[in-house]
Amino acid sequence: MADQLERITPRFDELTQRARLGIDSADQYNELEELAQGISRDILEPFRGTTGRAARPPLYLSADGTKACW
């Protein structure tokens, strides 16, 4: 999950940089909003998506990964 979130960082940095430069038109505002919405979807994906996520993850997992408790 952390790796998925970390991959978003460059896009968020780009959004922040472009916002700091100022918004000169409605088209530019809409473009930045679309970028922000895409980033938001990608942030939520690891938490709500189904890719690689257990349906009912264990409450406890041993350090060596051999024991789990639900």
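Further up the page is the structure itself.
These numbers come from a predicted model, not from an experiment.

Caption draft 1: Structural detail: the overall build of the protein. A tally of regular secondary structure across the protein gives three helices and two strands. In the protein, the succession of helices and strands from N to C terminus is α-α-α-β-β. The C-alpha radius of gyration computed for the protein amounts to 18 Å, which surpasses the reference 11 Å derived for 70 residues by more than 25%, pointing to a less compact arrangement than a globule. When its C-alpha atoms are laid out on the principal axes, the protein stretches across 55 × 20 × 15 Å. Within the protein, the fraction of its 70 residues that count as buried is 13%. Considering only contacts in the protein between residues 6 or more positions apart, those separated by 24 or more positions represent 36%. Roughly 6,000 Å² of accessible area belongs to the protein as shown, and the carbon and sulfur atoms make up 53% of that amount. Averaged over its 9 positive side-chain charges, the protein has a centre that lies 11 Å from the centre of its 12 negative ones.

Caption draft 2: Looking closely at helix H3 (residues 26-48). A rise of 1.5 Å per residue sets the reference length of H3, with its 23 residues, at 33 Å; its end C-alpha atoms lie 32 Å apart and thus fit the reference within 8%. Within the span of H3, buried status applies to Leu-32, Leu-35, Gly-38, Ile-39 and Pro-46. Lining the buried residues of H3 we find helix H1 (2-6) and helix H2 (9-20).

Caption draft 3: Summary view of the pattern of salt bridges. What the rule picks out here adds up to three salt bridges. Residues Asp-42 and Arg-11 are paired through a salt bridge, measuring 2.5 Å at the closest nitrogen-oxygen approach. One end of the pair, Asp-42, is in helix H3; the other, Arg-11, is in helix H2, and 31 residues separate them in sequence. Salt-bridge contacts for Glu-14 lead to Arg-18; the nearest nitrogen and oxygen are separated by 3.5 Å.

Thresholds applied
- Residues numbered from 1 in each chain as written.
- Predicted model: local features only at pLDDT ≥ 70, side-chain atom pairs only at ≥ 80, totals over all residues.
- Heavy atoms only, no water.
- Helix = DSSP H or I, 4+ residues; strand = E, 2+ residues; numbered from the N terminus.
- Rg over C-alpha atoms; globule rule 2.2 N^0.38 Å.
- Buried < 20%, exposed > 50% of the residue type's maximum accessible area, 1.4 Å probe, protein only.
- Contact = heavy atoms within 4.5 Å.
- Areas by Shrake-Rupley, 256 points an atom, 1.4 Å probe, with all protein chains shown as cover.
- Lys, Arg positive; Asp, Glu negative; His and termini not counted.
- Charge placed at Lys NZ, Arg CZ, Asp CG, Glu CD.
- Expected span 1.5 Å × (residues − 1).
- Salt bridge = Lys/Arg side-chain N within 4 Å of Asp/Glu carboxyl O.

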